[in-house]
Amino acid sequence: MYQIYPRSFKDSDSDGIGDLKGIISKLDYIKSLGVDVIWLNPIYSSPNDDNGYDVSDYRNIMKDFGTMEDFDALLKGMHERGLKLVMDLVVNHSSDEHEWFKQSRSSRTNPYRNYYHWWDAERGKPAYRYSLFDVNHDAWKYDSLTNAYYLHYFSRKQPDLNWENPKLRQEIYGIMKFWADKGIDGFRLDAFQFAAKDTTFPAFPAGFEKNFVQYYAMGPHLHNYLQEMNSGVLSKYDVMSVAEGAGNTFEDAHDLVDADRHELNMAYAFEGVDIANDPKGYSLLHFKEVFSKWDSVFAEKGWLSIFLANHDQARMVTRFGNDNPEFRDVSSKMLTTFILTMRGTPYYYNGDELGMTNIRFDKIDDYRDMSTLNEYQYQKNTGGDLKQFMEKIKFSCRDNGRTPFQWDSSNAGFTNGTPWIKVNPNYKTLNEAAQKKDQNSCLNYFRKIIALRKKYDVLVYGKYTLLDKSNPDVYAYTRELDGKKLLVLLNFKSVPASVSIGIDLSKAKVLINNYSTASNGGALKPYEAIIFEL
Ligand code: GLC
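Summary of the structure given here. Since the structure is predicted, the reported quantities are computational estimates derived from the model, not experimental observations. (Residues numbered from 1 in each chain as written. Predicted model: local features only at pLDDT ≥ 70, side-chain atom pairs only at ≥ 80, totals over all residues. Heavy atoms only, no water.)

Per the secondary structure count, the protein chain includes 16 helices and 20 strands. By the burial criterion, 61% of the 534 residues in the protein chain qualify as buried. At a minimum sequence separation of 6, the contacts of the protein chain that also span at least 24 residues come to 68%. Within the structure as shown, the protein chain displays about 20900 Å² of accessible surface, and the carbon and sulfur contribution to it stands at 48%. (Helix = DSSP H or I, 4+ residues; strand = E, 2+ residues; numbered from the N terminus. Buried < 20%, exposed > 50% of the residue type's maximum accessible area, 1.4 Å probe, protein only. Contact = heavy atoms within 4.5 Å. Areas by Shrake-Rupley, 256 points an atom, 1.4 Å probe, with all protein chains shown as cover.)

This is how it looks when you write it as structure tokens:
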């Protein structure tokens, strides 16, 4: 699964914003990678408070991105090339500029009132709910028009939809059918674990507010809604489905995706991608433990998504590898090896195939992400340490993953206009045109390892076994299926490291390696990755 952030991929009309025609112009490139499916971040009409995650019309295309004709051409172009399309469906909330919300807001008796969560002010202030994006961290916004509060877990311009209302649910299924009838191949349900709510809005225990997953996710009836969606829509089309987030426990994750429950197809859990949240580094032992645990819990039943990045994260190589030019390529290839050799469906974020890195803005004015700008304001209002905050976002802000795709050395080849967010200055050397010509580039490594995964079913379905568990530097595991056995060795450190696996490698064949010659298996070079066939 190759994820495209349309705003930053390719601009065809020089307005500085990527668009559908831009993607169409790069379909041959995408096909050449060997990926099977494209996941597009939202492309529906939107006032862009949250770059399309605030939808004002679910049956139309965002003006910045083009028209419905462009969409039809894109889908056709993809299908002609054997590529499938997964659309992002943002239905935990809509935009406050959606017609439903305009109606809902207008009076307490409007037929759309119950499409959203309202709390009449004469009942007093509703129990506190945390908002991830609000400048005051408050998810209830008072609206004087009807003397009531509305709920928004994300920004004020993203009011939460009321899934408890059967009419709203039918509207959403209608929207899904509209796109499925057009022939799309799947849905990624944005923030869906938060869709169901206890609408009595009881107070949560003190100290809960940041524990978003534990207290806000997997509300009452969520599974009923998914089963209803499955029987009404998903089961009627040849589409896959994945929801963002997998609840708070393994049981939650299984309940979302086990085939006999008829809900969704694969779990997308955050425990792994959340590990690298400190610029000082992370523990490989922890990393191994988390990925091994998820693998074992899903060994017999269910199916996982494997990823280390997406549009809500800073760059993979900066967070999990080493973006110092000396190690950037090799560590990026090592991480790519990891993603493509685990059991589950690999999700790969655009630009990671080049080893694109964090931009690390110095000035708050360079940032575009509304959640970061609001948090900056919150810190300012509450006397927070702004210097520390600026340092933190250089490492973690999602804008780092949203700078324009680096196509070539002429202003990155993304746009002829002024890009909506600055281009990473390293585009002059780090770009697709340069990597295309270099057999040893990250880009060509990505192509090779995808081809390998397609050739070896064992990499997709094979049993995973962790080796040398307590090794703090090297991640070693085997994959086994029907008598085939592969060994994966990954040095996660910038210094040579040894590994003890107790396997005789004298007859083993190296299938791929991220250096020009592979080590013999006992000692690994910095960030070395090797796959052996045993
Ligand atoms: C999801 C999206 C993120 C968005 C948020 C609100 O987490 O991935 O980009 O800001 O939902 O829609």
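That covers the picture; the talk isn't over yet.
The next point concerns the sheet that holds strand 6 (residues 118-120). The strand order across the open sheet built from three strands is 6-8-7, with neighbouring strands paired in antiparallel fashion. Of all strands in the sheet, those with a lone pairing partner are strand 6 and strand 7 (140-143), marking the two edges. Each strand of the sheet is rotated relative to its neighbour by a mean of 30 degrees, with strand direction disregarded. Of the pairings in the sheet, the one linking strand 7 to strand 8 (residues 148-151) comprises four bridges and is antiparallel in character. If you follow Trp-140 over to strand 8, its bridge partner there is Leu-151. (Pairing = 2+ DSSP bridges. Axes fitted to C-alpha atoms, helices over the stretch in contact; angles between N-to-C directions.)

Here the focus is the sheet that holds strand 20 (residues 529-533). Spatially, five strands are ordered 14-15-16-20-18 in an open sheet, and the strand pairing comes out antiparallel. Edge strands, defined here as strands with exactly one partner in the open sheet, are strand 14 (463-467) and strand 18 (509-513). When the angles between neighbouring strand axes are averaged without regard to direction, this sheet yields 20 degrees. With four bridges joining them, strand 18 and strand 20 adopt antiparallel strand pairing. Bridge pairing in strand 20 links Val-510 to Phe-532. Along the sheet face, helix 9 (residues 284-297) touches strand 14 and strand 15 (474-481) and points at about 20 degrees away from the line of strand 15. Across the sheet, helix 15 (residues 442-455) is in contact with strand 18 and strand 20; its angle to strand 18 comes to roughly 135 degrees.

Near the ligand there are 13 residues, and of these Asp-50, Asp-190, Glu-244, His-311 and Asp-312 occur at the shortest range. Measuring from an oxygen atom of the ligand, one finds a side-chain N or O atom of Asp-50 at 2.5 Å. Here an oxygen atom of the ligand and a side-chain polar atom of Glu-244 are 2.8 Å apart. Residues of the shell around the ligand, tallied by class, amount to three nonpolar, three polar and seven charged. (Near = heavy atom within 4 Å. Polar contact = N/O pair within 3.5 Å; in protein donor to acceptor, adjacent residues only side chain to side chain. Nonpolar A, V, L, I, M, F, W, Y, C, P; charged D, E, K, R; others polar.)

Moving on, we come to the side chain of His-223. Note on placement: His-223 falls in helix 7 (residues 222-232). The class of His-223 is buried, set by a relative accessible area of 19%. Among all residues touching His-223, those that are not within four sequence positions of it are Met-218, Asp-255, Leu-256, Arg-261 and Glu-263.

All right, on to the packing of helix 5 (residues 166-182) against helix 7 then. Packing of helix 5 against helix 7 brings their axes to within 11 Å, and their N-to-C directions diverge by 40 degrees. Between helix 5 and helix 7, the interaxial angle falls into the category oblique. The two elements helix 5 and helix 7 meet at a crossing, and its hand is right-handed. Mapping the contact onto sequence places Arg-169, Tyr-173, Met-176 and Lys-177 in helix 5 and Tyr-225, Glu-228, Met-229 and Gly-232 in helix 7. Counted by class, the contact of helix 5 with helix 7 contains four nonpolar, one polar and three charged residues. (Parallel < 35°, antiparallel > 145°, perpendicular 65-115°, else oblique. Left-handed = near helix turned anticlockwise from the far one by under 90°.)

Another point: the pairing of strand 14. Across five bridges, the pairing between strand 14 and strand 15 is antiparallel. Bridging across to strand 15, Leu-467 finds its partner in Ala-476. Linking strand 14 to strand 15, which pair antiparallel, is a turn of six residues; within it Asp-468 sits at a positive phi near 45 degrees.

This next bit is on unusual backbone geometry. In this structure, Ala-191 is a non-glycine residue whose phi angle is positive, near 50 degrees. Checked against the element boundaries, Ala-191 lands in the loop between strand 9 (186-189) and helix 6 (212-216). Unusually for a residue other than glycine, Asp-468 sits at a positive phi of about 45 degrees. Along the chain, the position of Asp-468 falls in the loop between strand 14 and strand 15.

The end-to-end C-alpha distance of helix 11 (residues 328-341) is 20 Å, a good match for the 20 Å that 14 residues give at a rise of 1.5 Å each. Most of helix 11 sits inside the fold, with 13 of its 14 residues counted as buried. (Expected span 1.5 Å × (residues − 1).)

As a further point, take the packing of aromatic side chains. Two measures describe an aromatic ring pair: the distance that separates the ring centres and the angle between the ring planes. Tallying each qualifying case throughout the model produces 61 aromatic pairs. Ring centres of Phe-9 and Trp-407 lie 5.2 Å apart, and the angle between their planes is 75 degrees; this geometry places the pair in the edge-to-face category. One end of the pair, Phe-9, is in the loop between strand 1 (2-4) and helix 1 (20-25); the other, Trp-407, is in the loop between helix 13 (386-396) and helix 14 (432-437), and 398 residues separate them in sequence. An identical accessibility class is assigned to Phe-9 and Trp-407; each is buried. Considering the side-chain rings of Phe-291 and Phe-338, the 4.9 Å spacing of their centres and the 80 degrees angle between planes classify their relative orientation as edge-to-face. (Phe/Tyr/Trp six-rings, centres within 6.5 Å; stacked < 30°, edge-to-face > 60°.)

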